[in-house]
Structures are given as C-alpha cells and as structure tokens.
Amino acid sequence: TQAALCLNSALPDCSPPGTSIVSITTLFRPERRLFVGDLDLDFDAQRLLFSMPDATDHWQVFEIGVDGTGLRRVTDPTVACDCYKGSHSGQHDIAPAYLPDGWIVFCSSRCNRWVNCFYVRVAVLYRCEADGSRLRMLSSNIEQDNTPWVLPDGRILYTRWEYVDRSREAFHHFWVMNPDGTA
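Every value quoted in this text rests on a predicted model; they were computed, and no experiment measured them.

Cut-offs used in this document
Residues numbered from 1 in each chain as written. Predicted model: local features only at pLDDT ≥ 70, side-chain atom pairs only at ≥ 80, totals over all residues. Heavy atoms only, no water. Pairing = 2+ DSSP bridges. Helix = DSSP H or I, 4+ residues; strand = E, 2+ residues; numbered from the N terminus. Axes fitted to C-alpha atoms, helices over the stretch in contact; angles between N-to-C directions. Salt bridge = Lys/Arg side-chain N within 4 Å of Asp/Glu carboxyl O. Buried < 20%, exposed > 50% of the residue type's maximum accessible area, 1.4 Å probe, protein only. Phe/Tyr/Trp six-rings, centres within 6.5 Å; stacked < 30°, edge-to-face > 60°. Lys NZ or Arg CZ within 6 Å of the ring centre and 35° of its normal. Polar contact = N/O pair within 3.5 Å; in protein donor to acceptor, adjacent residues only side chain to side chain. Contact = heavy atoms within 4.5 Å.

(A) Local environment of the sheet that holds strand 10 (residues 124-128). Taken in spatial order, the four strands of this open sheet run 8-9-10-11, and their pairing is antiparallel. Because the sheet does not close on itself, it has two edges, and the strands there are strand 8 (93-98) and strand 11 (136-137). By the bridge criterion, two bridges tie strand 10 to strand 11 in an arrangement that is antiparallel. In the sheet register, Y126 faces strand 11, and the bridge partner there is M137.

What follows is the structure, encoded as structure tokens:
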C-alpha cells in the first residue's frame, strides 16, 4: 500500500483492521518538524519506505521497520552517479516503491533537467538496490515522470507529463514499464 501522509510530522503505526482496540504509535519523528510522506509498505509488511528532506533540504528516500527500528537512508541525492552530469545542488529523491525483485523505484531530479516554461526541476524514474547502490535511470522524459506504483504483475505504473500545452497540475497520462525500464 502506498500513501502520502503527514500526521503530526511522524509515521504512525495503526492496528490492523478488525481489531477491537485501535492504537496509534509513533514509529519515527524527525528531529525538526518536516513532511514525512510517500509511504510504501514492503511485500512482507515488515518495512516502510518514505521520503523526507534532510538537514540541507534535499529530499531523500529512507526505510524503517514497521516496529520503528532500523531507520536508514537509502538514497543520497548529493552523491554523483554515472548517470548524473552537473551540480549536486537541488537534487531530490521522492516517491519510493518496493519492486518484487528487491530493488526500489523512485523519482529523482538528479537527471539535471528543467521544465521548459518554468524554473522547476524535472524528476524521472530511477531504480536502485535495497541498499541504495547500483543506481540506474529508468525513464528519460524531458518533463516529469511521477508517482511510480507497482502493479500486481510487477510492472510499474506511473504518470507522465507530456509537454503539449497542458497544465502541469492536470492531464498527466498513465504509463507502464517493466521494472528494468523496458516497455
């Protein structure tokens, strides 16, 4: 299950449906008040991926156990990769999702592109190993590729902004790709 969540700037733990007692326990609370979102529960329901900004306001992908232990950073947008050319300033990694093969798909602005009509970074799809290594660009759109969602058959559903005089907030089409980036 994937959802965007900002609940008192913390990740909650909710009792399973059908239980008579509902409790909410904080799994993680950042040191400073920030948005914690883009949650994705792994296939074994033991870990959660999420994104949030770090101390320098670069958004990164993090993982935590559903029991609140094992918090770790998965991606570091300040680290150069073989697919990146340019300054590290302003790179962000958001909207992570677990893939069936153990890798992680997410959106990143490390492609160093800008929207044609506005001073906004473009984010496209990347994948990496569970530990953040072996980073690989999956899509190469000139505009935004957003919100990857893993389908039951393992393919990735995502939205794409095609720049044909359409609003940047609406009219994003659905696209599908295999987890390795092929059609």
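Resuming the write-up.
(B) Just the sheet that holds strand 14 (residues 173-177), in detail. Reading across the sheet, the three strands line up as 12-13-14 and stay open at both edges, with antiparallel pairing between neighbours. The two strands at the open ends of the sheet, each matched to only one other strand, are strand 12 (145-150) and strand 14. Averaged over all pairs of adjacent strands, the angle between their axes in this sheet comes to 30 degrees, without regard to strand direction. For strand 12 and strand 13 (residues 156-160), the ladder comprises four bridges, and the chain directions are antiparallel. For W149, the partnering residue across the bridge sits in strand 13 and is L157.

(C) The pattern of salt bridges, seen in detail. Under the definition given, this model contains 10 salt bridges. With a shortest N-O distance of 2.8 Å, R160 and D145 are connected by a salt bridge. Of this pair, R160 sits in strand 13 while D145 sits in strand 12, and the two are 15 residues apart along the sequence. D145 matches R160 in its accessibility class, with the two residues each being buried. Counted as one network, the salt bridges with shared partners bring together D42, R47, E63 and R72.

(D) Spotlight on the packing of aromatic side chains. Applying the stated rule across the entire model yields four aromatic pairs. With a centroid separation of 6.0 Å and 50 degrees between ring planes, the pair formed by F35 and W59 is classed as tilted. Placement of F35 in the loop between strand 3 (24-28) and strand 4 (37-41) and of W59 in strand 6 (residues 59-65) is noted, with a sequence separation of 24 residues between them. Assessed through its relative accessible area of 33%, F35 is described here as partly exposed. Overall, the relative accessible area of 23% leaves W59 in the partly exposed class. Every member of this aromatic cluster is reached through a ring pair, and the members are F28, F50 and F62. Sitting above the plane of the Y126 ring, R110 keeps its charged end 6.0 Å from the centroid. A cation over a ring is seen here: R160 above W175, with NZ or CZ 4.4 Å from the ring centre.

(E) Highlighting the side chain of T75. Position of T75 relative to the elements: it lies in the loop between strand 7 (72-73) and strand 8. Classification of T75 as buried rests on a relative accessible area of 4%. In this structure the side chain of T75 is engaged in a polar contact, spanning 3.0 Å, whose partner is the backbone nitrogen of V61. Of the polar contacts made by the side chain of T75, one reaches the side chain of D93; its length is 2.8 Å. Excluding residues within four positions of it along the chain, T75 makes contact with Q60, V61, D93, F106, R110 and C128.

That's the geometry; what it means functionally is another story.
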